[in-house]
Amino acid sequence: MCFEGFSFIIMTHREHDAMAGTLSRDQYLFRTALWALSQSVSGGFGWAWVLLLFMSATHHRTILAFGITSGVLLGLVCATLTMTGGSTQLEVVKWAWLCFFESMQLLSLFAAARLFLAKQVARSASGLLLAAQSGMLALHFWQIYFSTFDHEARRSWSNPLKLFLNIPIVLVLGIAIARVADDPAYAAAAEKAAETSRRAITRLSRNFASPEYYWGLTLVVLAAGYGSSALCLRFFAGFDRNRDPILHMYSTYHPCILLDYLPGTLFAQPLFDLSVLLYQVVAVLALVRTVCVGGLGGMLHQALTSVLLIVATTIFELVFTFNPSKTSPLAHSLPFIGNQSSIAFFLLSQMAHVYFATDPAIPKEKRMRFVAYALIFAVLELGGMAWMAVNLLTNLGYGENYGTGMAIDPNAPVDNSHIHFKALPFILAVLQIFNQWIYAITSPLKFRPLVFDILASDVAAPARLTASGGRFTMSDSLEAGRGAAKLSTWVEAGARGMPRVTISARFFLSLSAAAMLTTATLTYFTTVAVLGHEETEGWGTRDFMRRRPGSVIAAVGWVVCAALLGCHVATVCVYEHMKSEQPVLLVKLAGTALVATSLLAHAGTIPGVREDYSWFLGLESFQVCLILWIGMNLLLNRSLAAASNAPSAAALRLDLAVGAGAIAALAGSIALGIYSAPCTLLIDGAWILLLIAFSFTDPRRAQIHLDSLHVATDTEVVAVMDDPFPGVPFFMMDLHGIKANLRAGAAAAAATAEMKTAASAEIVVSPK
């Protein structure tokens, strides 16, 4: 009701100023966007209330999180579309909000009627609820009728009368809700849901990680990125086919065209950031798997292609910064060529692993199918990049025309009216996107994921791990007759594994904050060195991030910051999942919001955002979520307050002081940054330094330990190969007949283990 009331205040204020003629178009759109955000949040709370009326077994925190999150997300989308100011966008906002809010209203009536007819609670309470909800819904639909569908039916007294009648109905509805909540049957259902959601602390967790699975997930992300950009290009961007320089150079609808126009790039860059993070996860996991297996040649080419993939995907984000209309098609195309080439080389590396592997579960005649596929795709991908390079060289300009070619001159005249469209490059470019999924389901290596155990520890419960760590020590291997010289197969080598790895909960936070400081420092000094002090005098931090050459450094450096921040969030969420006795959904939601808004902040480096979309507050939304994340970490310190060896009071006070300082500096940065105040340089430096300090003051000393890291054996793979893998359809589809071999290997291993157990039982130890 608070958000509903706030929405009415905003709308009334907007209409008053509009009738007085004192409201500009930008102010009108801003207040409409604020109204849409507030109403959507109100609708999210309404959805939570409706779902709670069904008295399901779902924990009330989960329901609240779902309702609030859905409302906030819809509100942000509606507010964003409203600020664009187009008639089509405003129509989309109207119908999206109507569907969201009115479906909630109808479901609330159904829930109230169901509660009354099922006699789950006292009839007096449920009947009052049904009557109040029916009255509110009748008034609401009357308002929709005269305000949306039939404007001629609206009178000067229509809306005031509706609001006046709403007052007693809202009071009755509040009384009815209180009576239902106090009913013993409802309280018992709520307690049962809470008890169901309660779980024991997980002391040790066995986990599987497949590089191929995360590679397959990139299809969903890339499709969303290209799809959202295409929709914006079609309806909102004002795309002129006859004036596009990329179409002029390549004579086809190259995917780069979708990444060139606002507002589509505001959606595309965060999604492509996410795909970059997935690629980098793949590169790291593939390298770790190769190290577990061993072999100098395999480790060398895997290290080379993994590093190349990480570097190229990080630089790839410059395709947004080097917009061809602002810089040149050459600068715009080079990061794309590097990214796609690194993908092809990585695929060739995986092809070599499959070809030379001595895994008995993957016979050589069957693995050749994948080798042929990988080779064909890599050749086509590298051939496409060569084709792009030829077109770039053709348009560079030589001799007397050097420096004036289309590839390096953004002001060169463009006329595409006589361009002959080339269909084949466009088809191959589209098929390349779907290769992300095809590779994931065709690679035999997906049946050899990494396996590791996770143990969480803190100051109240230190980890008690064996001194050796890892799955096998060298002495264990030698005793078993499986020393390095006797490892006969790829699987035996991989099963030997790697030593234990310990990660502090705030370790990656310190690295991310250090990367932020480094990026900000390089951005500032590079911009000043190139443009001079006079040009940059009075600039705030955001000005340095949004203008070249600083935006180039910020665009690349922020990918590193976001990746490390994602690792920090993942570490904290895993720790809380294993150590907390209560549901940790709010921690996961806060962490997800922090990572998501860090990607939105990255979109602030896109050329033209500040001028054309000044309402886009990507960096500010990230800072708000960072404030919430720091505050949540401070609250989590209370979880150890009752422990026998809880953190000292001094450690808790120090963490609170540093965290509060970082929150205050972030709040100041938000307030000053909106107005581009020059002093934001100092306050932004302050919150980054305080964030670094905060990463070292964890009083809980929370850690997770990765132990027994190794390549999965036949028995371990068989246990999980029929599990669902969301986001990658048909991921465990067996195209090579490998599952039968794995089952046979697992059965043979079980039989061998039984024979060894029986033989050990028969041994009689004679006295000396």
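Keep in mind it's a predicted model, so treat the numbers as computed, not measured.

> So what exactly am I meant to see when it comes to helix 25 (residues 649-673) here?
Think of an α-helix as 3.6 residues a turn; residues three or four steps apart then line up on the same face. For helix 25, spanning 25 residues, the distance from its first C-alpha to its last is 35 Å, which sits close to the expected 36 Å at 1.5 Å a residue. Here helix 25 has its buried residues at Asp655, Val658, Gly659, Ala662, Ala665, Leu666, Gly668, Ser669, Ile670 and Gly673. The inward-facing, buried residues of helix 25 abut helix 20 (541-546), helix 24 (618-636) and helix 26 (680-694).

> Is there a simple way to explain a nonpolar patch on the surface in this structure?
A grouping of Ile376, Leu380, Leu424, Phe426, Ile427, Leu428, Val430, Leu431, Phe434 and Ile438 is seen on the molecular surface, where their side chains present a nonpolar patch of about 890 Å² in accessible area. Of all the secondary-structure elements, those providing two or more residues to the nonpolar patch are helix 14 (364-394) and helix 15 (423-442). Residue contributions to the nonpolar patch peak at eight residues, all from helix 15. Mapped onto the fold, Phe434 is located in helix 15.

> Sorry if this is basic, but what is going on with the pattern of salt bridges here?
Should the charged atoms of two oppositely charged side chains come close, the side chains can pair. The full count for this structure, using the stated rule, is five salt bridges. Linking Asp714 and Arg448 is a salt bridge whose minimum nitrogen-to-oxygen distance equals 2.6 Å. With Asp714 in helix 27 (residues 714-720) and Arg448 in the loop between helix 15 and strand 2 (450-457), this residue pair connects regions lying 266 residues apart in the sequence. Its relative accessible area of 15% is what places Asp714 among the buried residues. Residue class for Arg448 comes out buried when judged on its relative accessible area of 1%. Linking Arg506 and Asp698 is a salt bridge whose minimum nitrogen-to-oxygen distance equals 3.9 Å. With Arg506 in the loop between strand 3 (501-504) and helix 18 (507-531) and Asp698 in the loop between helix 26 and strand 4 (703-711), this residue pair connects regions lying 192 residues apart in the sequence. Of the two residues, Arg506 and Asp698, neither departs from the other in class, the shared state being buried. Taken together, the shared-partner salt bridges in this structure form one network comprising Arg506, Asp655 and Asp698.

> Just checking my understanding: could you explain the nonpolar core for this structure?
Grouped burial of nonpolar side chains is what soluble globular proteins tend to show. Among the nonpolar cores identified, the biggest contains 57 residues, and Met516, Leu594, Phe622, Leu626, Ile630, Trp687 and Leu691 are the most heavily contacted of them. Here this core gets ten residues from one element, more than from any other, and that element is helix 21 (residues 550-579). Excluding residues that lie within four positions of it along the chain, Leu691 makes contacts with Leu509, Ala513, Met516, Leu626 and Ile630. Formed by 38 residues, the second largest nonpolar core is a distinct cluster that contains Tyr279, Val282, Phe316 and Ile343.

> Mind showing me how you'd approach the environment of Val728 here?
With respect to the helices, strands and loops of the structure, Val728 is situated in the loop between helix 27 and helix 28 (738-762). Of the residues examined, Val728 reaches a relative accessible area of 2% and is grouped as buried. In this structure the C-alpha to C-alpha distance between Val728 and Leu219, which are 509 residues apart in sequence, comes to 8.3 Å.

> I'm lost on unusual backbone geometry in this one. Help?
The general pattern is negative phi for most residues beyond glycine and trans for most peptide bonds. At Arg701, a position not held by glycine, the phi torsion is positive, near 50°. Counting through the fold element by element, Arg701 comes out in the loop between helix 26 and strand 4. Overall, Arg701 belongs to the exposed group, its relative accessible area being 53%.

> Before we go on, may I ask you to explain the environment of Val220 in this structure?
Within the secondary structure layout, Val220 lies in helix 8 (residues 211-235). By relative accessible area, which is 48% here, Val220 ends up partly exposed. Measuring from C-alpha to C-alpha, the distance between Val220 and Gly727 comes to 7.0 Å, with 507 residues separating the pair along the chain.

> Sorry, what's going on with the packing of aromatic side chains here?
Both the distance between ring centres and the angle between the ring planes are used here to describe each pair of aromatic rings. Within the structure shown, the criterion is met by 17 aromatic pairs. Judged by centre distance (6.0 Å) and plane angle (65°), the rings of Phe272 and Phe320 are edge-to-face. On the criterion of sequence distance, the pair formed by Phe272 in helix 10 (residues 264-293) and Phe320 in helix 12 (residues 318-321) is long-range, its members being 48 residues apart. You'll find Phe272 and Phe320 in the same group, each marked buried. Each ring, one from Phe370 and one from Tyr439, has its centre 5.9 Å from the other, and the planes form 45°; the classification is tilted. Pair noted here: Phe370 is in helix 14 and Tyr439 is in helix 15, with a separation of 69 residues, a long-range link. Residues Phe370 and Tyr439 agree in their burial class; the two are buried.

> Explain the side chain of Thr697 here, please?
If you trace the backbone, Thr697 turns up in the loop between helix 26 and strand 4. Take Thr697: its relative accessible area is 13%, and that puts it in the buried class. Here Asp655 takes part through its side chain, which lies 2.7 Å from a polar atom of the side chain of Thr697. Beyond its immediate sequence surroundings of up to four residues, Thr697 is in contact with Arg506, Ala651, Leu654, Asp655 and Val658.

Calculation notes
Residues numbered from 1 in each chain as written. Predicted model: local features only at pLDDT ≥ 70, side-chain atom pairs only at ≥ 80, totals over all residues. Heavy atoms only, no water. Helix = DSSP H or I, 4+ residues; strand = E, 2+ residues; numbered from the N terminus. Expected span 1.5 Å × (residues − 1). Buried < 20%, exposed > 50% of the residue type's maximum accessible area, 1.4 Å probe, protein only. Contact = heavy atoms within 4.5 Å. Patch = residues over 30% accessible without salt bridge, like charges linked within 9 Å, V, L, I, M, F, W, Y side chains within 5 Å. Areas by Shrake-Rupley, 256 points an atom, 1.4 Å probe, with all protein chains shown as cover. Salt bridge = Lys/Arg side-chain N within 4 Å of Asp/Glu carboxyl O. Core = buried A, V, L, I, M, F, W, Y, C linked by side-chain atoms within 4.5 Å. Phe/Tyr/Trp six-rings, centres within 6.5 Å; stacked < 30°, edge-to-face > 60°. Polar contact = N/O pair within 3.5 Å; in protein donor to acceptor, adjacent residues only side chain to side chain.

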